[in-house]
Amino acid sequence: MPNGGVAYFSAEFGLDESLPIYSGGLGVLAGDHIKAAADMNIPITGVGIFYSKGYFQQSINEGGSQQHLYPYIDPEASTYPVQLVRDAEERPLIIEVRVGSRQVYAKAWSVQVGSVTLYLLNTDVESNSDKDRRLTDTLYPSEQDVRISQEMILGIGGARLLAALGIQPEVWHMNEGHSAFLALERIRMLSAEGVPFETALETVKASTVFTTHTPVPAGHDVFSIDMMDRYFCDYYWQLGTDREQVLSLGSLNGTFNMTRLAVSTSSKVNGVSKLHGEVTRDLFHGWMPHIPRQDIPIYSVTNGVHIGTWLADGMKMLFDRYLPSDWAVRSEELDVWAAVRDIPATQLWEEHQRAKSEMVRELGLPLDLSGDGPLIVGFARRFATYKRALLIFRDLERLAHILNDPQRPVCLVFAGKAHPADGPGKELIRRIVEISREERFKGRVYIVDNYAMDKAKKLVQGVDVWLNTPVKPMEASGTSGQKAAMNGVLNCSVLDGWWVEGYNGRNGWAIEGATDTDPDQQDQQDSETLYRLFEEEIVPLFYKRGEHAVPTEWINMMKESISSLAPVFNTRRMVSDYWHKVYVPAIARGRRFVADNFEVASRVAAYKQFIRDHWSAVSVRKVEILADHSSRIGLNKIAFRAEIGLGAIWHKDVRVEAVGADGRRGIWKAKLDPVQQLAKGLYVYEGVSPDVSINIWKANANVRVTPISSDFANDFEMELAAWGAVPCTS
Ligand SMILES: *Cc1c(COP(=O)(O)O)cnc(C)c1O
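Residues numbered from 1 in each chain as written. Predicted model: local features only at pLDDT ≥ 70, side-chain atom pairs only at ≥ 80, totals over all residues. Heavy atoms only, no water.

A. Region of the structure containing the nonpolar core. Grouped together as the largest cluster of nonpolar side chains are 141 residues, with contacts concentrated most on Phe181, Phe232 and Val705. For this core, the element with the highest residue contribution is helix H20 (residues 571-614), accounting for 14 residues. Each of two domains, domain 1 (6-302 + 578-598) and domain 3 (618-723), supplies a minimum of three residues to this core. Those residues in contact with Val705, other than ones at most four positions away along the chain, are Trp615, Val618, Val620, Ile644, Leu646, Val654, Arg655, Val656, Leu720, Ala721 and Ala722. Membership of the second largest hydrophobic core comes to 91 residues, among which are Leu318, Phe319, Ala339 and Met557. (Core = buried A, V, L, I, M, F, W, Y, C linked by side-chain atoms within 4.5 Å. Buried < 20%, exposed > 50% of the residue type's maximum accessible area, 1.4 Å probe, protein only. Helix = DSSP H or I, 4+ residues; strand = E, 2+ residues; numbered from the N terminus. Domains from an automatic or database assignment. Contact = heavy atoms within 4.5 Å.)

Okay, structure coming up:
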């Protein structure tokens, strides 16, 4: 892709275990995203960082404490073709970024993923100081100074790299906020061409999209203003504006927040599952409390996984045989998967057993699979505390009882890394090791070290049940359960993230996920459900043999799981959603904004400036409910009349509406139209509410004014709203 297309920025990419520049789900998703884009011929270029030592290699010692090894990664030894990027004179291409007071140099490696190129920056360059050569050594350093430096290399350096290569993307996708400095750099480049700051900002915003992945504020990167000043003092002025204006793009509670920066500089923001979209709305509502959470413009594109990467070879051969021959390139079509039901139960079971033996052998688990069991339950993901790896250990006696039934043995296999600075995460590992050593859990509880894509593949292909027990709603999406599902491994999961959309009552098991605010109560309720599911449903079903001595009902559930989940939670469906719902609109928007010497961008910039300058005059003066009118139109509809002061703002540049609460989370809106002008800048608006079922006289309805424009990407682009209350009526 020399020109056009999508630039996809991510701090981590999980393509293959031989290239350990990812820590978990975010990176694996990014890797799967570009693989699918390559499969589908979607023009995309990846930009990330080549970490010289990558994410650490984990070993777990006798006492259960996690050891961190940082072997140097040889770029040329990867199974992926990794090449040094060279300039026209065949010299290594060098990108320069001023990081605080230092000039830092970075070279780039390119990785070819089919038709897609991924560029990875690295500062291990001779002209750098020793310290700067180590800047891009490891992923997610705890030291804030290294973190901000890496993010400058990624965002600013990444944008410069594409420019140096002559690549001019039409849409820029920030996968999580780490890369959001790219927006500042793009503004700087436009400013250097003489484009005014506000116009440059609108131009950049039009062609930038942002995917947020973290439902908790603590998961977002935050830098102090002081730190920003130290790193950006030489940079602010290059954007053609002042320091305050640049800082305002990311400022939140007295700090500079990368998620806030990403939101301020993109025209579309999405979460990674429907529920996560909702949760993100709640989170962002905290930043703009004057906009109801339901109105916060967050979309969602639910994650998927790359089938070619995660599906066991044996299963693939089975699908080749029983599904339509082109199933792999039509995997997002529901009916393609209906044929899974035609696979003979014995064959599906045989393939599953083969994957199970391979997993047991590869991971070195001393398990005898010659009988019907054991039923193997897998739990593998980052050891972050919200994922509650210990939930199943809450009642050890009850668990021991479940695992040790001599006729129906059950084994648990755990794997995962804790971030080196995450003390509580590392404690989870220690505790699991301790439990596995107890006499009653010997041979029943295992923990496998150094979880990475290779072991993830074996586990999601070879266990019988995939367990996921996060604290709802902390799991933005989760993807490992999707990998398991397409392999016929049954999910038993809290109804969080993707599973809310995936679970249909027949394709696995669901734990409702207590919403009690007391964490201990939550754990108690969720573990109760979990034990009951194992005791009453999962274990009995697994050991219930049918025809040909295979567990027929279990196999039917595997088929249901594959045929209902694989078509939806794969990256072909996901990338196709991004293409149609996110990229194509952003490309069109970006083109429109730059055309004719930035005509639309400068118009929008000027319009916003005018609105901002005059917004303080906007007021909702007087709101009345027209009682006689309401009796005429029926009890459940209300007619509103409001006097709105608009000052210098034209009445067609605002939307006036009555907004009321409807039940627990919903809101209703009634559009009010101007019916009369009372004086200069003072109008009467009237309108009728929709049929609302609640007792409106007790409901709290308010009238809201918001600035609108057909050039805006959404209804709340300016994050402005003026409110006035309906006086209480008895
Ligand atoms: C898929 C994957 C993850 C993500 O797992 P979740 O269940 O979504 O947390 C993490 N690490 C590796 C190595 C993976 O392959």
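B. The arrangement of the domain arrangement of the chain in detail. Looking at the assigned domains, one finds that the chain contains domain 1 (6-302 + 578-598), domain 2 (307-569) and domain 3 (618-723). Between the C-alpha centres of domain 1 and domain 3 the distance comes to 40 Å. Contacts between the two partners involve 18 residues from domain 1, matched on the other side by 16 residues from domain 3. Across the domain 1/domain 3 interface, buried area totals approximately 1,400 Å², and carbon plus sulfur atoms make up 44% of it. The largest per-residue losses of area from domain 1 upon contact with domain 3 belong to His290, Gln294 and Asp295, which jointly make up 34% of the total buried on that side. Linking domain 1 to domain 3 there are 5 salt bridges. Measuring nitrogen to oxygen at the nearest pair gives 3.7 Å for the salt bridge that ties Arg589 to Glu717. Here domain 1 is connected to domain 3 by 7 residue pairs in polar contact (both at pLDDT 80 or more). Residue assignment for the side of domain 1 that touches domain 3 shows that the elements contributing at least two residues are helix H5 (197-206), helix H9 (274-285) and H20. Ranked by residues supplied to the side of domain 1 that touches domain 3, first place goes to H20 with 3 residues. (Buried area = accessible area lost by both parts, 1.4 Å probe. Salt bridge = Lys/Arg side-chain N within 4 Å of Asp/Glu carboxyl O. Polar contact = N/O pair within 3.5 Å; in protein donor to acceptor, adjacent residues only side chain to side chain.)

C. View of the sheet that holds strand E16 (residues 375-380). Ordered by their spatial adjacency, 6 strands build an open sheet running E18-E17-E16-E19-E20-E21, and the pairing between neighbours is parallel. Edge positions in the sheet fall to strand E18 (445-448) and strand E21 (508-511), since each of these pairs with one other strand and no more. With strand direction ignored, the average angle separating the axes of adjacent strands in the sheet is 20°. In this structure, strand E17 (residues 410-415) lies alongside E18, joined through 4 bridges in parallel fashion. Counterpart to Leu412 in the pairing with E18 is Val445. Across the face of the sheet, helix H19 (residues 552-565) comes into contact with E16, strand E19 (465-468), strand E20 (490-494) and E21 while running at roughly 70° to E20. (Pairing = 2+ DSSP bridges. Axes fitted to C-alpha atoms, helices over the stretch in contact; angles between N-to-C directions.)

D. Here's a closer look at the environment of Trp466. Mapping Trp466 onto the fold places it in strand E19. For Trp466 and Ala476, which are 10 residues apart along the polypeptide, the C-alpha to C-alpha distance reads 18 Å. At 2.9 Å, the side chain of Trp466 and the side chain of Ser480 are in polar contact.

E. Fine view of the pairing of strand E27 (residues 701-707). Counting buried residues in E27 gives 7 out of 7 residues, a clear majority hidden from the surface. Alternating positions in E27 separate into two faces, Ala701, Val703, Val705 and Pro707 on one and Asn702, Arg704 and Thr706 on the other, with burial throughout. Note that E27 and strand E28 (residues 722-725) share 4 bridges and pair antiparallel. Of the residues in E28, the one forming a bridge with Val705 is Ala722.

F. Expanded view of the site of the ligand. Every one of the 14 residues lining the ligand counts as a neighbour, but Trp310, Lys387, Thr479, Ser480 and Lys483 are closest to it. In this structure, Ser480 approaches the ligand through a side-chain N or O atom, which is 2.3 Å from an oxygen atom. Coverage of the ligand by the protein chains reaches 96% of its 390 Å² of free accessible surface. Every element with two or more residues in the shell around the ligand is listed here: helix H1 (25-39), helix H15 (453-462) and helix H16 (480-486). Residues of the shell around the ligand, tallied by class, amount to 6 nonpolar, 5 polar and 3 charged. Among the domains, domain 1 (6-302 + 578-598) and domain 2 (307-569) are the pair contributing at least three residues each to the shell around the ligand. (Near = heavy atom within 4 Å. Areas by Shrake-Rupley, 256 points an atom, 1.4 Å probe, with all protein chains shown as cover. Nonpolar A, V, L, I, M, F, W, Y, C, P; charged D, E, K, R; others polar.)

G. Main features of the pattern of salt bridges. Using the criterion set out here, one finds 67 salt bridges in the structure. With its nearest N and O atoms 2.9 Å apart, the salt bridge here joins Glu358 to Lys458. Taken together, the residues span a long stretch of sequence, with Glu358 in helix H12 (residues 345-362) and Lys458 in helix H15 at a distance of 100 residues. For Glu358, a relative accessible area of 28% corresponds to the partly exposed category. Between Lys608 and Glu717 there is a salt bridge; the shortest N-O distance is 2.7 Å. Of the two residues, Lys608 sits in helix H20 while Glu717 sits in the loop between E27 and E28, which places them 109 residues apart along the sequence. No difference in accessibility class separates Lys608 from Glu717, as the two residues are buried.

H. Layout of the side chain of Glu657. With respect to the helices and strands, Glu657 occurs in strand E24 (residues 654-662). A polar contact is formed between the side chain of Glu657 and the side chain of Arg655, at a distance of 3.2 Å. What Glu657 contacts, discounting residues up to four positions off in sequence, is Lys669, Ala670, Lys671, Leu672, Asn702, Val703, Arg704 and Thr706.

I. Representation of the packing of H12 against H19 in the model. Contact pair H12 / H19: the axes reach a minimum separation of 10 Å and the direction vectors enclose 80°. One element, H12, and the other, H19, form an angle in the roughly perpendicular class. On the side of H12, the interface is formed by Ala345, Leu348, Trp349 and His352, while H19 contributes Trp554, Ile555, Met558, Lys559 and Ile562. (Parallel < 35°, antiparallel > 145°, perpendicular 65-115°, else oblique.)

J. Representation of the sheet that holds strand E13 (residues 255-257) within the structure. As summarised here, the arrangement of the 3 strands in space is E11-E13-E12, forming an open sheet in which the pairing is antiparallel. One side of each edge strand has no neighbouring strand; the edge strands of this open sheet are strand E11 (222-224) and strand E12 (251-252). Inspection of the sheet shows E11 paired to E13 by 3 bridges, in the antiparallel sense. Paired with Val222 across the two strands is Asn257, which belongs to E13. Sheet strands touched by helix H6 (residues 225-232): E11 and E13. Its angle to E11, the strand with the most contacts, is close to 80°.

K. Examining the environment of Leu363 more closely. As for its position among the elements, Leu363 is in the loop between H12 and E16. Under the relative-accessibility criterion, Leu363 is labelled buried at 13%. Here the alpha-carbon distance between Leu363 and Ala642, two residues 279 residues apart in the chain, equals 70 Å.

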